[in-house]
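Residues per chain, in single letters:
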Amino acid sequence: MSEMTTYPYYVGGKFVTSTSGHLIEIICPYDQSIIGRVQAISKEEADAAIAATKAAQKGWADTDLFKRADLLNKWADQLETDVDAIAQIIMQEVGKTWNDAVKEVTRTAEFIRYTVQEFIHTNDTAMSGANYPGGSKNKFAIIKRIPLGTVLAISPFNYPVNLSVAKLAPALIAGNAVVFKPATQGAISAVKLIESFDKVGFPADILQLITGKGSDIGDYVSEHEGIDMISFTGGATTGRHLSSFSTMKPMVLELGGKDPAIVCEDADIDKTVAEIMSGAFSYSGQRCTAIKRVLVHATVADALVGKLKTEVEKLTVGMPIDNPVIVPLINEGAADYVQGLITDTIAAGGELLVGNKREGNLIYPTLFDHVTMDMRLAWEEPFGPVLPIIRVTSDDEAIEIANASEYGLQASVFSQNFSRAVAISEKIEAGSVQINGRTERGPDHFPFLGVKNSGMGVHGISRTIESMTREKLLIINV
């Protein structure tokens, strides 16, 4: 392996190698080749990175807002210049199709520009003592939002550029410094992202990229007294673990989901099928917002299932460079888990309509009918291209099943009766409910949140800025 495939981490405005001497091999999910090695930094190096942000943050916060904005906008421009190189790594590292990898980079540039404008148009507010009984008309409060300090941004593998910048850009424009810890499978994409950042000329030390296994340095940096806020996107198990030691430390967690699509008997079946197909199977279902179960009224179940079966059989399957819908899963362990759910469902009596075929990490799209509540697939999040159909006899039954899940990220409701769809939506325990549309993140300025084991706090550009700042009052006595 050439030296060119060994990637550095980023500290003090420089790309450096770890003194630990430890490297982590990153395996391509679809051809099993080693596409590179990333640094496994030491705890002492993590200490140094965090300390550097503490020293640099106040100077960055004092930097003129429009200077910060200009640098971030130049970063967006640089990402568009570097789009092909970054997309190539995204495709190789996380198995995303070429088209989707390119879209992720361009979407990220748009995200940065919108974030800059959102913060520029965030103004201080004011209050008068005269508006409270007995208050003094000579007392005024100016309410400002100030940065929290050093933000720890922990990103997932499935959107290694977009969901990283969804944390980095709001933190930086608000005047925070950032310690950026990407998912290990996704770390090379993070390096390429920071290469673009480095070309722009940001001040040294306001952003540090640290790499290594979460089991080695994850807890250490999360509990570090130098971290003032944590923004995490990833699995529910890790999220619950992080929340257990978040004493007095602000935290926003974006976790998993078991997003249901509730299909009423008056739904437009053709539109519903199109939305479910896109929501369930794009990027092989490796999305926290993927539709992961269909709760369909029994009177239209046969019609829906027949059309879904036809569409699943049409899905393109293959390698990312060919831009199919179904690509190999991120690693062998993920594929093993999904295959285990499929095998368990067959053994428990679920009706296999399509699928149950595997080639390495490639799980072919799989559709089950007559899935019941005693089957694991009814409750567990597969993060893969397998979709269970659960037949119900009423809206109330669908709502009860939807709400029995430990998750509550998103849901979809399909009905041509708008009042009915709204009534169902209001009873579903989820952060957001799509009416006659697939579950998905975005547009990026919409609030994005989960309840129960799907998360804590709110994402979305303005909400993320709020989570990474705090109010401070200046009280003026005239």
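Keep in mind it's a predicted model, so treat the numbers as computed, not measured.

Each helix and strand in the protein was counted, giving 14 helices and 27 strands. A compact globule built from 478 residues should have a C-alpha radius of gyration of about 23 Å, and the protein, at 24 Å, falls within 12% of that. With the C-alpha coordinates of the protein rotated into their principal frame, the extents come out at 70 × 70 × 40 Å. For the protein, the proportion of its 478 residues judged to be buried stands at 55%.

Of note, I461 is situated in helix α14 (residues 461-467). Judged by relative accessible area, I461 falls into the buried class, the value being 2%. With 343 residues separating them in the primary sequence, I461 and E118 have C-alpha atoms 7.6 Å apart. Those residues in contact with I461 that sit more than four places away from it in its chain are F111, Y114, T115, E118, D444 and H445.

The next point concerns the packing of helix α2 (residues 65-81) against helix α5 (residues 162-173). Contact geometry for α2 and α5: axes closest at 10 Å, N-to-C directions at 155°. Classified by the interaxial angle, the pair formed by α2 and α5 is roughly antiparallel. Side by side, α2 and α5 meet where L65, R68, A69, L72 and W75 of the first sit next to V165, L168, A169, L172 and I173 of the second. When grouped by side-chain class, the residues that make up the contact of α2 with α5 number nine nonpolar, no polar and one charged.

Turning our eyes to something else, we now look at the environment of M375. Within the element layout of this structure, M375 appears in the loop between β18 (366-369) and β19 (386-392). With 26 residues separating them in the primary sequence, M375 and G349 have C-alpha atoms 8.8 Å apart. Excluding its chain neighbours within four sequence positions, the residues that come into contact with M375 are T345, A348, G349, G350 and H370.

Moving on to the sheet that holds strand β27 (residues 469-477). Pairing within the open sheet is antiparallel, and its three strands lie in the order β6-β7-β27. The strands lining the two open edges of the sheet, one partner per strand, are β6 (125-128) and β27. The sheet shows a mean angle of 25° between the axes of neighbouring strands, taken without regard to direction. Direction of pairing for β6 relative to strand β7 (residues 139-147): antiparallel, over a ladder of four bridges. Paired with S128 across the strands is F140, a residue of β7.

Look at helix α9 (residues 269-281) against helix α10 (residues 298-314): their axes get within 10 Å of each other, and the N-to-C directions meet at 50°. The angle between the axes of α9 and α10 places the two elements in the oblique class. In terms of crossing hand, the pair formed by α9 and α10 is right-handed. The segment α9 lies against α10, with I269, D270, T272, V273, I276, M277 and F281 engaging V300, A303, L304, K307, L308, E311 and V312. Its residues placed into classes, the contact of α9 with α10 shows 10 nonpolar, one polar and three charged.

Below, the discussion takes up the pattern of salt bridges. Taken as a whole and assessed by the stated rule, the structure comprises 27 salt bridges. The shortest N-O distance in the salt bridge between E265 and R420 comes to 2.8 Å. Taken together, the residues span a long stretch of sequence, with E265 in the loop between β13 (259-263) and α9 and R420 in helix α13 (residues 418-427) at a distance of 155 residues. Under the relative-accessibility criterion, E265 is labelled partly exposed at 35%.

Moving on: the UniProt feature "active site" (unreviewed entry) in the protein. Residues annotated by UniProt as "active site" (unreviewed entry) correspond here to E254. With respect to the element layout, E254 can be found in strand β12 (residues 251-254). When near neighbours in sequence (up to four residues on either side) are disregarded, E254 contacts F232, T233, G234, C288, R441, F448, S454 and H459.

Evaluation of the coordinates by the stated rule reveals seven aromatic pairs. On the numbers, 6.2 Å between centres and 85° between planes, the contact of W75 with F202 is edge-to-face. In this pair, W75 is assigned in helix α2 and F202 in the loop between α6 (187-200) and β10 (207-209), connecting sequence segments 127 residues apart. The buried category is assigned to W75, whose relative accessible area is 0%. The buried category is assigned to F202, whose relative accessible area is 10%.

Moving on to unusual backbone geometry. Of the consecutive residues G442 and P443, the connecting peptide bond is found in the cis state with omega at 0°. Looking at the element boundaries, P443 is found in the loop between β22 (432-435) and β23 (448-449). Here H370, not a glycine, exhibits a phi torsion of approximately 55°, which is positive. With a relative accessible area of 37%, H370 lands in the partly exposed category.

This next bit is on the pairing of strand β14 (residues 291-297). Among the seven residues of β14, seven are classified as buried, and the element is accordingly described as predominantly covered. Bridging between β14 and β19 involves four bridges; their strand directions are parallel. When the sheet's bridge partners are listed, V296 is paired in β19 with R391.

Of the two faces of strand β4 (residues 23-27), the one lined by I24 and I26 is fully buried and the one lined by L23, E25 and I27 carries no buried residue. As defined by bridge partners, β4 adjoins strand β5 (residues 34-39) across five bridges and the pair is classed as antiparallel. In the strand pairing of β5, I26 is matched with G36. Hairpin geometry of β4 and β5 is characterised by an intervening segment of six residues between the two adjacent antiparallel strands and by a positive phi of about 65° at Q32.

Residues F140, I476 and V478 make up a contiguous nonpolar surface patch of roughly 280 Å² in combined accessible area. Examined against the element boundaries, F140 turns out to sit in strand β7. Classification of F140 as partly exposed rests on a relative accessible area of 34%.

Rules of the game
- Residues numbered from 1 in each chain as written.
- Predicted model: local features only at pLDDT ≥ 70, side-chain atom pairs only at ≥ 80, totals over all residues.
- Heavy atoms only, no water.
- Helix = DSSP H or I, 4+ residues; strand = E, 2+ residues; numbered from the N terminus.
- Rg over C-alpha atoms; globule rule 2.2 N^0.38 Å.
- Buried < 20%, exposed > 50% of the residue type's maximum accessible area, 1.4 Å probe, protein only.
- Contact = heavy atoms within 4.5 Å.
- Axes fitted to C-alpha atoms, helices over the stretch in contact; angles between N-to-C directions.
- Parallel < 35°, antiparallel > 145°, perpendicular 65-115°, else oblique.
- Nonpolar A, V, L, I, M, F, W, Y, C, P; charged D, E, K, R; others polar.
- Pairing = 2+ DSSP bridges.
- Left-handed = near helix turned anticlockwise from the far one by under 90°.
- Salt bridge = Lys/Arg side-chain N within 4 Å of Asp/Glu carboxyl O.
- UniProt positions renumbered as here; feature names shortened; annotations may be inferred.
- Phe/Tyr/Trp six-rings, centres within 6.5 Å; stacked < 30°, edge-to-face > 60°.
- Patch = residues over 30% accessible without salt bridge, like charges linked within 9 Å, V, L, I, M, F, W, Y side chains within 5 Å.
- Areas by Shrake-Rupley, 256 points an atom, 1.4 Å probe, with all protein chains shown as cover.

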